[in-house]
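The residues making up each chain are set out below.
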Amino acid sequence: MSNPVIGVLALQGDVREHLIALAAADAVARPVRRPEELAEVDALVIPGGESTTMSKLAVLFGMLEPLRERVKAGMPVYGTCAGMIMLADKILDGREDQETLGGVDMIVRRNAFGRQNESFEAKIDFAGIEGGPVEGVFIRAPWVESVGAAAEVLATYDGHTVAVRQGNVLATSFHPELTGDERVHAYFVDMVRAGL
């Protein structure tokens, strides 16, 4: 299948920008809000936003368990910023009632790079992506404190892990969808194609 159907979890966050970046990478992109829509996609992007709000909305919309089941079953997933937090097996500085999907053997620290007014852009060397560094937008971004043996570090910034992959799951601390550079999305679309 040359054009996989990739959903963007549309509960909160920068959904439109991901839809545009996925379409530019030759995927069929569509928003996903309900379990029946999740069942119709080959893969999923979990956008940035506010991770505690996103986990509450996932429960409210009946999406949390279907998402966990699809991730556990091997569906390719890409999480940016809050999406990275949602894919972590463990969160530091999270709320006690905060739910995650799991999927990557990593410990993630919420808001590690600072508050909203400390947001920044940086050039990131990303393993497996050609053409020079990718531009990363960091907005109240997490970083990865540690990864297990199954997770591969793809990028670091200022000594902190900011991109990881474990099997079919990809996660970045930063937002590539806000830069106009679709190479990270193309990398994910290629991951999805390889698994179909």
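Residues numbered from 1 in each chain as written. Predicted model: local features only at pLDDT ≥ 70, side-chain atom pairs only at ≥ 80, totals over all residues. Heavy atoms only, no water.

Engineer: Quick one: what's the story with the overall build of the protein, residue by residue and with numbers?
Structural biologist: Scanning the protein from terminus to terminus reveals six helices and 12 strands. Taking 2.2 N^0.38 as the reference for a compact globule, 196 residues should give roughly 16 Å; the C-alpha atoms of the protein span a radius of gyration of 15 Å, in line with that estimate. Projected onto its principal axes, the C-alpha positions of the protein cover 40 × 40 × 35 Å. Across the 196 residues in the protein, those meeting the buried criterion constitute 50%. If you take every contact in the protein between residues at least 6 apart in sequence, the share linking residues at least 24 apart comes to 66%. For the protein, the accessible area works out to roughly 8,500 Å², and carbon and sulfur atoms hold 47% of it. Of the side-chain charges in the protein, 18 are positive and 28 negative, and the distance between the mean point of each set is 4 Å. (Helix = DSSP H or I, 4+ residues; strand = E, 2+ residues; numbered from the N terminus. Rg over C-alpha atoms; globule rule 2.2 N^0.38 Å. Buried < 20%, exposed > 50% of the residue type's maximum accessible area, 1.4 Å probe, protein only. Contact = heavy atoms within 4.5 Å. Areas by Shrake-Rupley, 256 points an atom, 1.4 Å probe, with all protein chains shown as cover. Lys, Arg positive; Asp, Glu negative; His and termini not counted. Charge placed at Lys NZ, Arg CZ, Asp CG, Glu CD.)

Engineer: Break down the packing of aromatic side chains for me, citing the residues and quoting the values.
Structural biologist: Tallied over the full model, the rule gives 10 aromatic pairs. For the ring pair F113 and F138, a centre distance of 5.1 Å and an interplane angle of 65° mean the geometry is edge-to-face. Placement of the pair is F113 in the loop between β6 (104-109) and β7 (120-124) and F138 in strand β8 (residues 134-138), with a sequence separation of 25 residues. Like F113, the residue F138 is buried in the burial classification. Look at F113 and W143: their rings are 5.0 Å apart centre to centre, the planes differ by 85°, and that puts the pair in the edge-to-face class. Separated by 30 residues along the polypeptide, F113 in the loop between β6 and β7 and W143 in strand β9 (residues 143-147) bring together distant segments of the chain. Overall, the relative accessible area of 14% leaves F113 in the buried class. Through pairs of rings, three or more aromatic residues link up here, namely F113, F120, F138, W143, Y157 and F174. (Phe/Tyr/Trp six-rings, centres within 6.5 Å; stacked < 30°, edge-to-face > 60°.)

Engineer: Please set out the nonpolar core residue by residue, giving values where relevant.
Structural biologist: A general trend in soluble globular proteins is that nonpolar side chains are found buried together. Counting 33 residues, the largest nonpolar core has I6, I124, F126, F138, L170 and F188 as the members making the most contacts within it. Not counting the four nearest positions on each side in its chain, I6 is found in contact with L22, A27, V28, A29, R30, V41, A43, L44, V45, F188, V189 and V192. Judged by nonpolar contacts, the second largest core, of 32 residues, contains L11, V71, M75 and M106. (Core = buried A, V, L, I, M, F, W, Y, C linked by side-chain atoms within 4.5 Å.)

Engineer: So what about the side chain of H185? Which residues, and what values?
Structural biologist: The topology assignment puts H185 in helix α6 (residues 183-195). In contact with H185, not counting residues within four places along its chain, are H18, A21, L22, A25, Y78, P176 and E177.

Engineer: Before we move on, could you go through the pattern of salt bridges and cite the residues and values that matter?
Structural biologist: Throughout the structure, instances matching the rule amount to nine salt bridges. A salt bridge links R109 to E145; the shortest N-O distance between them is 2.7 Å. With a gap of 36 residues between them, R109 in strand β6 and E145 in strand β9 connect regions that are remote in the sequence. Here R183 ties to D181 by a salt bridge, and the two come within 2.7 Å at their closest N and O atoms. The exposure class of R183 is partly exposed, given its relative accessible area of 22%. (Salt bridge = Lys/Arg side-chain N within 4 Å of Asp/Glu carboxyl O.)

Engineer: Mind laying out helix α1 (residues 15-24), listing which residues take part and the relevant values?
Structural biologist: Where α1 is concerned, the buried positions are V15, H18, L19, A21 and L22. Projected onto a plane normal to the axis of α1, the buried residues spread over an arc of 165° and lie on a single side. Check the buried side of α1 and you find it contacts β1 (5-9), β2 (28-32), β3 (43-46), β4 (77-80) and α6. After α1 finishes, the residue D26 shows a positive phi value of roughly 65°. (Arc of directions from axis to C-beta.)

Engineer: Residue-level account of helix α4 (residues 64-72), with values.
Structural biologist: Residues L64, L67 and V71 constitute the buried set of α4. One side of α4 carries all its buried residues, which in axial view fall inside an arc of 65°. Exposed side of α4, more than 90 degrees from the buried face: E69 and K72 are the residues found there. Buried residues belonging to α4 abut β1, α2 (35-38), β3, α3 (51-60) and β4. Count one or two residues on from α4 and you reach G74, which has phi positive near 105°.

All we've got here are geometric facts, nothing functional implied.
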